[in-house]
Amino acid sequence: ALREPMCQALVLRVGQLSCESCPAYRGELMECWGIVSHLLEPTPRGALCGALRYLQARYAEELKSVVYRASDARLGGVPDAWSLVAAFGRVKFETAAFPSSPAHVWYAAYVAARAGFDHLLLELPDRAAPLSDQCPMLRNVCGLVARRMQATSASVGAGGRGGGASGGGFAAAAGDGGRADLLRADLSEDSGIFHDVLVALLLGRPFAFGRLPEGTVEDWLWFRLHAVHIASGDNDQVAEFGQQLYALQQQALALPPSHYDPSPGGPAVVGSPGGGGMGSGAGGCVTQTLNFVKVLLLTSQLNGAIQQMRSQDRALRGPAVHMALVLRAAGAAGACGAVVGGAGAGCDMEGEAGAGALDVAGLLCDYASQFKCCHQLQYFKLLDLGDRVRALQQLLLDGGVGTNEELLGHIDGNGRHRSGLLEQALQADGAGGEQAEFVDLCARAGRAALEGGQYREALRLLHLGRCHNEVLQVLCRCLRLPIWRDPAAASAEAANQLGQDVQRFFTIYERNLDRYALASAAWGVARGLFAARMFHALCERGQPEAALEVFDRERLLPLDGAAEQARSRQDGPAAAAAAEVEGELAGEYPRIVANYVQILRHAASQGAVASAALQSRVRQLQTFLAVHAHRLVLDQETTASLASLTLC
């Protein structure tokens, strides 16, 4: 559904399915989806016009509901707007004759404006005659309000950024002459509260909604949203638009979410921004409604609305993600945040419902993290390519997932790879180049894992990313870790698993030197460090004979001068590589010497080595130490043990 062009009917269909996942909030969620279905605009002005259309359509539906429930509606056949407004007035004023006073006429004008009946506003002076003759400013006010309705109901595509013909007509009508008429209307003393609210709307003046009978938060929002448009001349590119919108958002945020909930048993009356609720309450098992979420949506605070849903109840996290995906698909996710950010007032509020751009990818990844890897991969298909790559990379680095064979696939003893869920998911997309995408993803994630000290993940991911020389670097770093010198740390489960991986990948790479085109110097360093690790491990396990065999086979110390002789016979690059290997391994020499001396001392005490052979080894070691005295510092115990061997 998200791949189809977004329209109101499709959004409501998605919303209906989304509400099924959260029965406790089903009714209120449908109201939220109703608001979202009106915000499918790419510009801030379009979104605010959509909010106004929603508020007016909702009021019109409530008006019809009240009228149709009345026992004495007297609507006749198919009622027109005037029949509905007149019937509504009879219900509200509990009179059979409506309108029967100038106050009734102004009430009818307010109801028509509030319900978005712009054609009725133009006809009202004639429909309400002869009482309308007692309201001299009615025709002017109704005409201007009708044009205000038309200016905000025109689509952005038809009207342009400045409101098009409708917006321009209103601006012209409200010029010097129109404003003078409004000021005269404002001075009328016997017109009543509903006259005052309409004139205040047109003049862009504040209005105390506590004076309005049965005024609601929705009435206040309707008034303030119109004020934003009027103050900016119906142009979302001027600074006033961002400033007015930001001021409205801050006013909505200034009160706690509970302020927008209806008082038990009381009317939904508002004070400043709102003292009562809006919409219907939630089910009996819900202690807080979604009214605050609706306010945030209507004031273009999309990010804040989504975050409020997520924080209010865990059950709302799914619908919050669904809503964010729909807004992004419609191109509305970043529009509102961009303008508010342009107001220069720091709209992204820590710990509160911010007004910044909607982070759809972050919301989706956070929601998907509660599921298994195979299900997370399905969610990630909804992301754009860049966001999907980042999400997959983060998935590979979270909670040991980077070592999960089910996700990454199996690597056999020869280094060959059998595809796992991740590669299969990329292939299922059918976009082509899946193998290259998988390799690149693993390479990126492997480098990030290495930087974060996730060495087991780095080994696998860099191998799958075909960064074979970088795998050697990870092996070298692992073999140099200080945990191997601490028996307690080395025996921990994590250290054992890392040790097994080091052994496994060393064996794989030893079998594939040519296939992986490994640099000779890098492999020489890795092999030397691995041999030293084996040597030390055998010494720690009390196996001196096996350790001595490794020492001799791998030439852990160049005692016989063979290395120098071989290097002298090599050409420049080969000699440089050999020198590089020796330089990299020099840091291991003190510990190798210490363990080698302990092996010789053990052999001398047990008589396991002939005296001549033992003395030959001691002399070779002393010669080596003399040559490398400038960079080798032995501990006191090793020095004493070597001296005792010299005297044997």
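Here, the structure is the one placed above.
Residues numbered from 1 in each chain as written. Predicted model: local features only at pLDDT ≥ 70, side-chain atom pairs only at ≥ 80, totals over all residues. Heavy atoms only, no water.

Caption draft 1: Here's a closer look at the overall build of the chain. Scanning the chain from N- to C-terminus turns up 34 helices and two strands. Per-residue burial for the chain yields a buried fraction of 49% across its 648 residues. Here the contacts in the chain between residues at least 6 apart in sequence split such that 62% fall between residues at least 24 apart. About 28,600 Å² of surface is accessible on the chain, with carbon and sulfur atoms providing 51% of the total. (Helix = DSSP H or I, 4+ residues; strand = E, 2+ residues; numbered from the N terminus. Buried < 20%, exposed > 50% of the residue type's maximum accessible area, 1.4 Å probe, protein only. Contact = heavy atoms within 4.5 Å. Areas by Shrake-Rupley, 256 points an atom, 1.4 Å probe, with all protein chains shown as cover.)

Caption draft 2: View of the packing of helix H7 (residues 138-153) against helix H12 (residues 217-231). In the contact formed by H7 and H12, the axes pass within 11 Å of each other and the chain directions differ by 80 degrees. Relative to H12, H7 is oriented roughly perpendicular. On H12, the residues touching Arg148, Met149 and Thr152 of H7 are Trp222, His226, His229 and Ile230. For the contact of H7 with H12, the class distribution of residues is three nonpolar, three polar and one charged. (Axes fitted to C-alpha atoms, helices over the stretch in contact; angles between N-to-C directions. Parallel < 35°, antiparallel > 145°, perpendicular 65-115°, else oblique. Nonpolar A, V, L, I, M, F, W, Y, C, P; charged D, E, K, R; others polar.)

Caption draft 3: Summary view of the packing of aromatic side chains. All told, the structure shown has 21 aromatic pairs when counted by the stated rule. Seen in terms of ring centroids, Phe506 and Trp523 are 5.0 Å apart; in terms of plane orientation they differ by 15 degrees. Their pairing is stacked. Linking Phe506 in helix H27 (residues 493-511) with Trp523 in helix H28 (residues 520-540), this pair joins segments that are 17 residues apart in sequence. Trp523 carries the same exposure label as Phe506, and that label is buried. (Phe/Tyr/Trp six-rings, centres within 6.5 Å; stacked < 30°, edge-to-face > 60°.)

Caption draft 4: Structural view of the environment of Pro257. Structurally, Pro257 can be placed in the loop between helix H13 (239-253) and helix H14 (291-298). When the C-alpha atoms of Pro257 and Asn291 are compared, they prove to be 7.6 Å apart, with 34 residues separating the residues in sequence. Excluding residues that lie within four positions of it along the chain, Pro257 makes contacts with Gln288, Phe292 and Gln308.

Caption draft 5: The arrangement of the pattern of salt bridges in detail. Taken as a whole and assessed by the stated rule, the structure comprises 27 salt bridges. Between Glu123 and Arg127 there is a salt bridge, and its shortest N-O distance comes to 3.7 Å. Remark: Arg127 and Glu123 occur in helix H6 (residues 118-127); sequence separation between them is four residues, near one turn of the helix. Using a relative accessible area of 36% as the deciding quantity, one classes Glu123 as partly exposed. (Salt bridge = Lys/Arg side-chain N within 4 Å of Asp/Glu carboxyl O.)

Caption draft 6: Local environment of the environment of Thr639. Mapped onto the fold, Thr639 is located in helix H34 (residues 636-646). For Thr639, a relative accessible area of 42% translates into the label partly exposed. For the pair formed by Thr639 and Val593, sequence separation is 46 residues and the distance between their alpha carbons is 10.0 Å.

Caption draft 7: Broad picture of the nonpolar core. Residues Tyr110, Leu121, Leu198, Trp222, Leu297, Leu422 and Tyr509 are the most contacted members of the largest nonpolar core, which totals 168 residues. Discounting residues that sit within four places of it in the chain, Leu422 has contacts with Leu377, Leu392, Leu396, Leu407, Leu408, Phe438 and Leu441. If you look at the next biggest cluster of nonpolar residues, it comprises 27 residues, including Leu538, Ala547, Leu557 and Leu559. (Core = buried A, V, L, I, M, F, W, Y, C linked by side-chain atoms within 4.5 Å.)

Caption draft 8: Seen up close, the packing of helix H5 (residues 102-114) against H6. Where H5 meets H6, the axes come as close as 8 Å, and the angle between the chain directions of the two elements is 165 degrees. Put simply, H5 runs roughly antiparallel to H6. The chirality of how H5 crosses H6 is right-handed. Residues Val105, Ala108, Ala109, Ala112 and Ala113 of H5 form the contact with H6, whose participating residues are Leu120, Leu121 and Leu124. (Left-handed = near helix turned anticlockwise from the far one by under 90°.)

Caption draft 9: Spotlight on helix H4 (residues 81-93). Between its terminal C-alpha atoms H4 stretches 18 Å, which fits the 18 Å expected from 13 residues at 1.5 Å a residue. Three or more residues of H4 are buried, namely Trp82, Leu84, Val85, Ala86, Ala87, Phe88, Gly89 and Arg90. Along its buried surface, H4 packs onto helix H3 (44-69), H5 and H6. Looking one or two residues past H4, Glu94 carries a phi angle of roughly 50 degrees, positive in sign. (Expected span 1.5 Å × (residues − 1).)

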